[in-house]
Amino acid sequence: MMPELGKYAGAVLSSYGVSLALMAALVLLSMARGARVRRQLDEAEARRRDHG
Amino acid sequence: MSLWEYANPQKFMQTSSVLLPFVSVLTAVCLVVGLVWGFFLTPEAANFGSTVKIIYVHVPSAMMAINAWVMMLVTSLIWLIRRHHVSALAARAAAPIGLTMTVIALITGAIWGEPMWGTYWAWDPRLTSFLILFLFYLGYIALWEAIENPDAAADLTSVLCIVGSVFALLSRYAVNFWNQGLHQGATLSLDKEENISDVYWLPLVICIAGFVLLFVTLVLVRTRTEIRARRIKALVARERMG
Amino acid sequence: MIALLLRDLNLAVRAGGGFGLGLAFFLIVTVLVPFGVGPEGAILSTIAPGILWVGALLACLLSLDRIFALDFEDGSLDLLATAPIPLEGVVAMKAAAHWFTTGLPLTLAAPVLGLLLNLDGAGYGWLVASLALGTPALSMIGTFGAALTVGLKRGGLLLSLLVLPLYVPTLIFGAETVKRGADGMATGTALMMLGAITLAASALLPFAAAAAIRINLR
C-alpha cells in the first residue's frame, strides 16, 4: 500500500533512501568496528593470561 | 551514588551493557513507528505536496547534528576539568555520528530544495551554517586521527572543540549578516502559533525521539569500542615492556 | 618579548625565511582569476572584494606551519616554554611576527592588485582598512591552528583543514566591508565586527594556543 506521492515521488523516496542508507552504514560500521576491537581485546587478554 | 561514578571505565562498561539492549530496542521501535507513520499515514501539505514527508528525516537529523556538537562540547569540558577518560572517548565516539547527521540534513535539504526553491543549493544562512558545521566535524575528526598519544589527542581536540564552538556561533551570526535566506522558520517551537499542524506534529516528535535514541545507542556502542581499543593499546604496551 | 619579536622578524626576513612567498602567492592568485573568469571589467569589479580577501586569506595560510615548526625542530620552543616570560606572551609575539611578515605586506599590496581586478574607486580605502583590521585575526587564529598541530609530521594539510572553518567569520565581514564600501553603502557594522573579531581573538586565543603548545610539549 504505497502512498500516492504525486510528482514529488522521486524527491521523497530518494531522501528517505539516502538517510536510511547513511544511518544503516553508520550503524553497521560502528558494530563492525566494535566486534573487531572486542575480538582483538579478547586475544590480547588471552595472550596476557598465557604468558603471565 | 553520583554521576561521576560512570566516569570509571569499568562501571561504564557494566552499566552500558545492561542499558544497551533496552535503548537499541526503543530506538528501533521509535524510528520504525515514526518513519512509517510519517511516510505512509500523513496527508500531503497544501503548499508542499508530498515533499512534506521529508521533514521526518530532515528536521531530526538537523537537530541531532547540532546536539551532537553540543554534547561533544560538554564532554570535552568535563575531560579538561575532571580528566575522566570516558568523557573524552565519548566525545570522540560522537563526532562521526554528528558528521553523518549533518550530511543527512544537507542531502535531504538539497533534495527538498530542488522542487520547492528550484535549486539544490542556495547560499542561505541555515544551509551555509550547516556546511560550516560539516567542515568543523571534519577538522575535529581529522585531528583525533592525526595524533598518536591518546591523552594529547583528547586534550587538543577538546581545545579545538571549545574554540570551534565559539567560531561556529560567530559564523552563524556572520552568515546571517551576509545573506538573508529562503529557509522557512522553525518548524517546532514552544510558541504554539508557530507550530506545524497536529497531523504532522506527533509523528515528527516520535521521529525526533528515535533519532535522539539512535544517537544515544551509537554513542554507547562506540564509546565501548573506544574503551576497549584503549585497553588493547595499554596491554600491547605492557607486553612490549616485557 | 620585544626581543623575541625582533628575533622572529629577523629570521623571517633573512634569506630562506619565506618572507616574500606569501606576497608572491597573493599576486599570482589575483592574476590567475581574470584568466579563469574572463576579462570583462564589470564581472571583475563585482568579484574583486571577494577575490582579494580570499587571496589574502590563502596567502596567510601558506606560511602558518612555519610559525612554530622551526622552533619545535631545533628545541628552542622547549626553551621558550620554560622561559620566565609567559607562554601566552610568546604565542602573541609569534602571531605579531607572522602579521608583520604577511598580513602587513598583503594589506599594503592589496590596492595595487585591486587595480588589476578593476575594483571600484570607492573600495580602495575600505580594502586597506578591512585588511589592516582583519589580517591580525587571521594571524592569531592561524597561530592557534599551528599550536594545535605543532608536533605532527604532516601537519600542514591538517592545519589548513582546521584553520579554514575558523576563518569564515573574518572573511565574511572583511569581504562584506569592501563590497559595501565599493557600492557606496554603510560599512560601519561589518568593519566594527571585524575589529571585534581581531580584538577578541588576540585577547583570548593566546591562552588556547599556549595550552595547546603545553600539551604538545608534554
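Predicted model only: the values in this text are computed from it and were never measured.

Along the backbone of chain C there are nine helices and zero strands. From first element to last, N terminus to C terminus, chain C shows the α and β order α-α-α-α-α-α-α-α-α. What you see for chain C is a C-alpha radius of gyration of 18 Å, in line with the 17 Å of a compact globule of 218 residues. When the backbone C-alpha atoms are referred to their principal axes, chain C occupies close to 55 × 35 × 30 Å. Counting contacts in chain C only where the partners sit at least 6 residues apart, residues at least 24 apart contribute 81% of the total.

Let us look at the overall build of chain A. A count of helical and extended segments in chain A gives one helix and zero strands. Out of the 52 residues in chain A, the part that is buried amounts to 15%.

This next bit is on the interface of chain C and chain B. One frequent convention defines the size of an interface as the accessible area lost when the parts assemble. Listed per partner, the contact involves 20 residues of chain C and 21 residues of chain B. At the level of elements, helix 7 (123-148), helix 8 (155-182) and helix 9 (188-217) of chain C are the ones that each hand at least two residues to the side of chain C that touches chain B. Counting residues per element, the side of chain C that touches chain B draws most heavily on helix 8 of chain C, which supplies 11 residues. Of the residues that constitute the side of chain C that touches chain B, the class distribution is 17 nonpolar, one polar and two charged.

Attention now goes to the interface of chain B and chain A. With 30 residues of chain B at the contact, the number on the chain A side is 24 residues. Those elements giving two or more residues to the side of chain B that touches chain A turn out to be helix 1 (9-40), helix 2 (55-82), helix 3 (85-117) and helix 6 (198-241) of chain B. Tallying contributions element by element places helix 6 of chain B first for the side of chain B that touches chain A, with 11 residues.

Turning next to the arrangement of the chains. Where the two pairs of chains in contact are concerned, the greatest contact count is recorded for chains A and B. The two units chain A and chain C remain apart, with a minimum C-alpha distance of 23 Å.

Turning next to the environment of V86(B). Its location among the elements puts V86(B) in helix 3. Remark: the alpha-carbon pair of V86(B) and N8(B), spanning 78 residues in sequence, is separated by 7.2 Å.

Moving on to the confidence of the model for chain C. Residue and element names in this part refer to chain C. Of all residues in chain C, 98% attain a pLDDT of 70 or more, and the chain-wide mean is 88. When pLDDT is averaged over each helix and strand of chain C, the minimum, 78, is found for helix 1 (residues 2-13) and the maximum, 93, for helix 7. Both scores are available for the predicted complex, with the pTM at 0.89 and the ipTM at 0.88.

The next subject is helix 1 of chain B. Residue and element names in this part refer to chain B. A rise of 1.5 Å per residue sets the reference length of helix 1, with its 32 residues, at 46 Å; its end C-alpha atoms lie 43 Å apart and thus fit the reference within 8%. Along helix 1, the sharpest kink reaches roughly 40°, centred on L19 and followed within four residues by the proline P21. Along helix 1, the positions that sit buried rather than exposed are F12, T27, C30, L31, G34, L35, G38 and F39.

On to the environment of V159(B), then. Inspection of the secondary structure puts V159(B) in helix 5 (residues 150-178). As a C-alpha pair, V159(B) and L80(B) span 79 residues in sequence and 8.4 Å in three-dimensional space. Setting aside anything within four residues of it in sequence, one finds V159(B) in contact with A208(C), A211(C) and A212(C).

Residues and elements named next belong to chain C. Orientation of helix 6 (residues 87-116) relative to helix 7, taken along the N-to-C sense of each, is 150°, at an axis distance of 8 Å. Considering the angle they form, helix 6 stands roughly antiparallel to helix 7. Between helix 6 and helix 7 lies a crossing whose hand is right-handed. Its residues assigned to classes, the contact of helix 6 with helix 7 shows 15 nonpolar, nine polar and one charged.

Residues and elements named next belong to chain C. Residue placement: L32 occurs in helix 2 (residues 21-37). On the basis of neighbour counts, which here come to 12 C-beta atoms within 10 Å, the residue L32 falls in the exposed class. Between the C-alpha atom of L32 and that of G121, which follows or precedes it by 89 residues, the distance is 22 Å.

This next bit is on the nonpolar core. In terms of nonpolar packing, the biggest core is built from 147 residues, with A68(B), A94(B), A56(C), I141(C), A147(C) and A212(C) touching the most fellow members. Element by element, the count of residues in this core is highest for helix 3 of chain B, at 16 residues. Beyond its immediate chain neighbours, meaning those up to four positions away, A147(C) contacts F68(C), V91(C), A209(C), A212(C) and I213(C).

Residue and element names in this part refer to chain B. At a minimum axis distance of 9 Å, the contact between helix 3 and helix 4 (residues 125-146) shows a crossing angle of 150°. Comparing their axes, helix 4 and helix 3 come out roughly antiparallel. You can see that helix 3 and helix 4 cross each other, and the crossing is left-handed. Contacts between helix 3 and helix 4 involve R92, A95, P96, G98, L99, T102, V103, A105, L106 and G109 from the first element and L127, F130, L131, L133, F134, Y137, Y140, I141 and W144 from the second.

Peptide bonds are, in most cases, trans, and in most cases residues other than glycine have a negative phi. Here R83(B), not a glycine, exhibits a phi torsion of approximately 55°, which is positive. Take R83(B): it is sitting in the loop between helix 2 and helix 3. R83(B) sits in the partly exposed class, given 13 other C-beta atoms within 10 Å. A positive phi angle is found at N118(C), which is not glycine, with a value near 60°.

How each quantity is defined
Residues numbered from 1 in each chain as written. Chains lettered and ligands numbered in written order. Predicted model: local features only at pLDDT ≥ 70, side-chain atom pairs only at ≥ 80, totals over all residues. Helix = DSSP H or I, 4+ residues; strand = E, 2+ residues; numbered from the N terminus. Rg over C-alpha atoms; globule rule 2.2 N^0.38 Å. Contact = placed C-beta atoms within 7 Å. Buried ≥ 20, exposed ≤ 12 C-beta atoms within 10 Å, placed from the backbone. Nonpolar A, V, L, I, M, F, W, Y, C, P; charged D, E, K, R; others polar. pLDDT = per-residue confidence, 0-100. Expected span 1.5 Å × (residues − 1). Bend = angle between axes of the 7 residues up to and from the residue. Axes fitted to C-alpha atoms, helices over the stretch in contact; angles between N-to-C directions. Parallel < 35°, antiparallel > 145°, perpendicular 65-115°, else oblique. Left-handed = near helix turned anticlockwise from the far one by under 90°. Core = buried A, V, L, I, M, F, W, Y, C linked by C-beta atoms within 7 Å.

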